[in-house]
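Letter by letter, the chains look like this.
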Amino acid sequence: MRRVAFIAFVVAGLAGSALAAESTGWKGSIDASLSFVEGNRNTDSVLIIGKMKQVGTKDRKIVDGLYNFSRQTNNLGNFETSTDLWSLGGRYERDFGNKSFWYVSARLDRDGVNDLNLRQVYGAGLGYTMFANDVSTWRISLGASQVLEDYQSGNTDYFGFQATSDYTRQIDAKLSLEHSFLYVPNVDDFEDYFFVSSLGLSYKLNERMKAGFRWIVNFDATPSAGSRKQNRTYAFTLGYSF
């Protein structure tokens, strides 16, 4: 019951944020995948993804968040958590040329399975719009960042580069594709890096609802001792656009 109540609270909060955002010129979407299976091995899985964007004449404000949790019972009937992570990010972009822009960004991550209490990533740099039209948009950027990581086994702090890619394409009237990518290496040790990749395919059901598929990869080259470097999620989702 606590788990269901928590999920209901998250969904209600996102829905309320969506209604408030819509009245102030923000546009975005909320996608969710929920699965609760009772059998020889009970399995719970929750994936909630939210993204909002406000586009002005010369600037863009972007906020995104993710909650990903899954667990299943083992041979003894006890639950074992396989995924327990969330992230929250914000980004501001300002055009200063026909296709060029500068940006500042911040990101917070937590991964309970990999003993990451909190990762903070602050960045700033320059970007370029490769193309933007009615069918597709592709923006890339490169900048500097500071990374603060608080693991249960200790803390790390380093300066790094920050490379991002944000691509969207309207394949036809109902089908669309989007892919975002973030890569942050340590300038003092390029073997110390992490990246996040999110690929989404969406099919428009009506003016507000959509169905889709998500493939999300989180990779940390130097995680806490005994933790996995890579976490991959595949999910079919239902979404609401506003």
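Note that the structure is predicted; figures quoted are calculated from it, not measured. (Residues numbered from 1 in each chain as written. Predicted model: local features only at pLDDT ≥ 70, side-chain atom pairs only at ≥ 80, totals over all residues. Heavy atoms only, no water.)

Caption draft 1: Fine view of the pattern of salt bridges. Counting across every chain of the model gives 16 salt bridges. The shortest N-O distance in the salt bridge between R91 and E93 comes to 2.7 Å. E93 gets classed as buried once you look at its relative accessible area, which sits at 5%. Two residues, D109 and R119, come together in a salt bridge whose shortest N-O distance is 3.7 Å. Residue D109 is located in strand 5 (residues 100-111), and its partner R119 is located in strand 6 (residues 116-132); the two are separated by ten residues in the primary sequence. The exposure class assigned to D109 is buried, which follows from its relative accessible area of 6%. In this structure, a network of salt bridges that share partners links the residues R107, D109, R119, E149 and D220. (Salt bridge = Lys/Arg side-chain N within 4 Å of Asp/Glu carboxyl O. Buried < 20%, exposed > 50% of the residue type's maximum accessible area, 1.4 Å probe, protein only. Helix = DSSP H or I, 4+ residues; strand = E, 2+ residues; numbered from the N terminus.)

Caption draft 2: Layout of the confidence of the model for the protein. Residues at a pLDDT of 70 or more form 87% of the protein, whose mean pLDDT is 87. Note that residues 1-6 has pLDDT below 50 and, in this model, four contacts with residues that lie over four places away or in other chains. (pLDDT = per-residue confidence, 0-100. Contact = heavy atoms within 4.5 Å.)

Caption draft 3: Inspection of the pairing of strand 2 (residues 43-55) at higher detail. When strand 1 (residues 27-37) meets strand 2, the two strands line up antiparallel, connected through eleven bridges. Following the sheet pairing, F36 is matched in strand 2 by D44. By the bridge criterion, 13 bridges tie strand 2 to strand 3 (residues 59-73) in an arrangement that is antiparallel. The residue of strand 3 that forms the bridge with K53 is I62. Remark: three residues form the turn of the hairpin made by strand 2 and strand 3, two consecutive strands paired antiparallel. (Pairing = 2+ DSSP bridges.)

Caption draft 4: Molecular detail of empty space enclosed by the protein. According to the stated counting rule, one finds one cavity of 30 Å³ or more in the structure shown. Computed from the structure, the largest cavity encloses a volume of approximately 40 Å³. Forming the boundary of the largest cavity are D31, G200, L201, S202, K210, G212, F213, R214 and T237. Elements represented by at least two residues in the lining of the largest cavity include exactly strand 10 (189-204) and strand 11 (209-220). With four residues, strand 11 is the single largest residue contributor to the lining of the largest cavity. Of the residues assigned to the lining of the largest cavity, the class counts are two nonpolar, four polar and three charged. (1 Å grid on protein atoms, 1.4 Å probe; cavity = no way out; pocket = protein on both sides within 12 Å on 5 of 7 lines; lining within 4 Å. Points joined across faces, edges and corners; volume = space filled by probe spheres on them. Nonpolar A, V, L, I, M, F, W, Y, C, P; charged D, E, K, R; others polar.)

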